[in-house]
Amino acid sequence: MVLRFKNLIRWIGPLFLLLLLTRSCIANNIAKDELILLLEKKFSQIQTYECNMNIEVYNKETKYQNQKFIFKKPGMIYCEQLGSYRKRVVVIVDKKGQIRMGTRKFVLPIVSFLQNSRLLKGITGETLFESNWGYIIGQMKLISKDVDSYEVKEELMNGRDVYVAKFKIKEKEYVFYIEKELMVIVKLERYINNRIDNIILWKDIKINPEIEDSFFEGKK
């Protein structure tokens, strides 16, 4: 009886390993082909979303930026800085692409900025136009075409199931955390020469809340 049990273990062991490897291959296939398509499909169904974005940049000193970010298609944006970076500053982009800037209680009527203006850039050096999910998914798609290596696995993050997709190109590595239920990016880590460069974390996410266009004209 003992010998039969040992033989059974010897037979099941390799089979279990094969199943794990097969699951890993399936995950990688999803990462390279289907995962981005799923993100694009989900974003096509999102008309509005709001969230808090927590950003950390690691250089000579660690910098922090926390912001309330509200987006409505085709490209309306409300971005309020919660601190410590430019605390209380508000930038609004209306339906016509006109930009307003001010503080929480006072927003200037119309201010003319180029989309890559220094005043619109955060601590990562990217503008608020490069902060919405649509733009980031587009960048993820471009990165995925030229990767030197990639890996996708499934993990738990704060009790939620996520895909973790790692793309590496030369000295840079990008790690995307995608919540499976919402199918949106909830965390992005970027590395240079195996050292963490910055982290973006999306929290308190609301998908398709009712938001009038007038909100993006500074009218609440």
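Residues numbered from 1 in each chain as written. Predicted model: local features only at pLDDT ≥ 70, side-chain atom pairs only at ≥ 80, totals over all residues. Heavy atoms only, no water.

**Focus on the environment of M183**
Just so we agree on the cut-off: The way it works is that DSSP assigns letters per residue, a run of H or I at least four long becomes a helix, a run of E at least two long becomes a strand, and they are numbered from the N terminus. Burial classification: accessible surface area is computed with a 1.4 Å probe over protein chains only, and a residue below 20% of its type maximum counts as buried, one above 50% as exposed, and the rest as partly exposed. Should any heavy atoms of two residues lie within 4.5 Å, those residues are counted as being in contact.
Assignment of secondary structure puts M183 in the loop between β8 (172-179) and β9 (184-192). Using a relative accessible area of 12% as the deciding quantity, one classes M183 as buried. Along the chain, M183 and K41 lie 142 residues apart, while their C-alpha atoms are 9.3 Å from each other. Each residue touching M183, except ones within four places of it in the same chain, is listed here: L35, L38, L39, K42, Y163 and I178.

**Topic: the environment of V89**
Tracing the chain through its elements places V89 in strand β4 (residues 89-93). For V89, a relative accessible area of 19% translates into the label buried. Linking V89 and T103, residues 14 residues apart in sequence, is a C-alpha distance of 4.5 Å. Those residues in contact with V89 that sit more than four places away from it in its chain are C79, E80, Q81, M101, G102 and T103.

**Remarks on the nonpolar core**
Applicable threshold: What is meant by a nonpolar core is a set of buried Ala, Val, Leu, Ile, Met, Phe, Trp, Tyr and Cys residues, joined one to another through side-chain atoms within 4.5 Å.
Counting residues in each nonpolar core, the largest one holds 50 residues, and the members touching the most others are F176, I178, I185 and W202. Not counting residues within four places of it along the chain, the set of residues in contact with I178 comprises L35, L39, M140, D161, V162, Y163, M183, V184 and I185. Core analysis: the second largest hydrophobic core is formed by eight residues, I70, V90, F215 and F216 among them.

**Comments concerning the state of the cysteines**
Here is the rule: In this description, the term disulfide denotes a pair of cysteine sulfurs within 2.5 Å.
Counted according to the given criterion, the structure contains zero disulfides. Take C51: it sits in no disulfide, and the sulfur closest to it among the cysteines is that of C79, at 9.3 Å. A residue is classified by how much of its surface remains accessible, and C79, at 4% relative accessible area, is buried.

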